[in-house]
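Now for the letters of each chain:
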Amino acid sequence: WIAAIEQRPQGGPRWLQDLRDRAAARFVALGFPTVRDEEWRYTNVGPIAAAEFKPTGADAAHATEAELAGYLYSDAAHRIVVVNGRFAAELSRTANLPEGVRVGSLAAAVTQEADVVQRYLGQLAEFNTRAFTALNTALAFDGAYVHIPDGIVLDQPLHILFVTTGSATSGPIMSNARTLIVA
């Protein structure tokens, strides 16, 4: 896990790298929760801590529309699909949203919507005392971004679907997607 932390995503704006670095330091300090921690007293995460997960990357398997069929809300006019921690534009439906609504890749929004993303990303997902939140924050690269400005109403549902398909190589994978919804 320390190796995964050391290989966390790099680059992007300085504020984002600082956020990842602070979260990585907190995860290293906290370690995985144990059954001695009140919130985890009934859940043994030892098997997770002992596993050697590989962070997903470009080699992760992709999903098809047919594979998603059983998980989709058929009446959702709009959807965001994140496969193995990465926004999948080809599986998402983002057309015909009300004027001003922006949805899509969180990784793209870091630069395209920098003022909104910098203001809100990492503000509510508190990682100072929560190890899994710290791990996710340190390793997150992409996910879903939704910005609905004041006064805008979505008349149709927006379905956000996260799918893990596995890796084209071998071994268990770990995806660290984030969702930022500003409404």
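Residues numbered from 1 in each chain as written. Predicted model: local features only at pLDDT ≥ 70, side-chain atom pairs only at ≥ 80, totals over all residues. Heavy atoms only, no water.

## Some thoughts on the sheet that holds strand β8 (residues 178-182)
Heads up, the rule is: The pairing criterion is simple: DSSP has to find at least two bridges between the two strands. In this description a helix means any DSSP run of H or I spanning at least four residues, a strand means any run of E spanning at least two, and both kinds are numbered starting from the N terminus. Inter-axis angles, ranging from 0 to 180 degrees, are taken between N-to-C directions of lines fitted to C-alpha atoms, where helices are fitted over the stretch in contact.
Spatially, β4-β5-β8 is the arrangement adopted by the three strands of the open sheet, whose pairing is mixed. Taken across any chain shown, the strands that pair with only one partner, and hence form the sheet edges, are β4 (102-105) and β8. If you compare each strand with its neighbour and ignore which way they point, the axes differ by 5° on average. The sheet contact formed by strand β5 (residues 143-147) and β8 spans five bridges and is parallel. Across the sheet, Ala144 pairs through a bridge with Thr179, a residue of β8.

## Here's the deal with helix α7 (residues 131-139)
What counts here: The buried label applies to any residue whose accessible area, calculated with a 1.4 Å probe on protein chains only, is under 20% of its type's maximum; exposed applies above 50%, and partly exposed to all values in between. For this analysis, residues touch if any pair of their heavy atoms sits within 4.5 Å.
With respect to burial, α7 is a largely interior element, seven of its nine residues being buried. Among all positions in α7, only Ala131, Ala134, Leu135, Asn136, Thr137, Ala138 and Leu139 are buried. For α7, the elements touching its buried residues are α1 (2-6), α2 (14-30), β7 (173-174) and β8.

## A few points about the nonpolar core
To keep things clear, this is the line we draw: To form a nonpolar core, buried Ala, Val, Leu, Ile, Met, Phe, Trp, Tyr and Cys residues must be joined to one another through side-chain atoms within 4.5 Å.
Residues Phe27, Val117, Leu121, Tyr145 and Leu180 are the most contacted members of the largest nonpolar core, which totals 26 residues. Listed by contribution, the elements that provide at least two residues to this core are α1, α2, α5 (106-112), α6 (114-120), α7 and β8. With six residues, α2 is the largest single contributor of residues to this core. What Tyr145 contacts, discounting residues up to four positions off in sequence, is Ile80, Arg102, Val103, Gly104, Ser105, Leu106, Ala109, Glu113, Val116, Val117 and Leu180. Residues Leu68, Ala88, Leu91 and Leu161 belong to the second largest nonpolar core, which totals nine residues.

## Concerning the side chain of Asn136
For Asn136, the location among the structural elements is in helix α7. Look at Asn136 and you get buried, because its relative accessible area is 17%. For Asn136, the contacting residues outside a window of four places in its chain are Asn176, Ala177 and Arg178.

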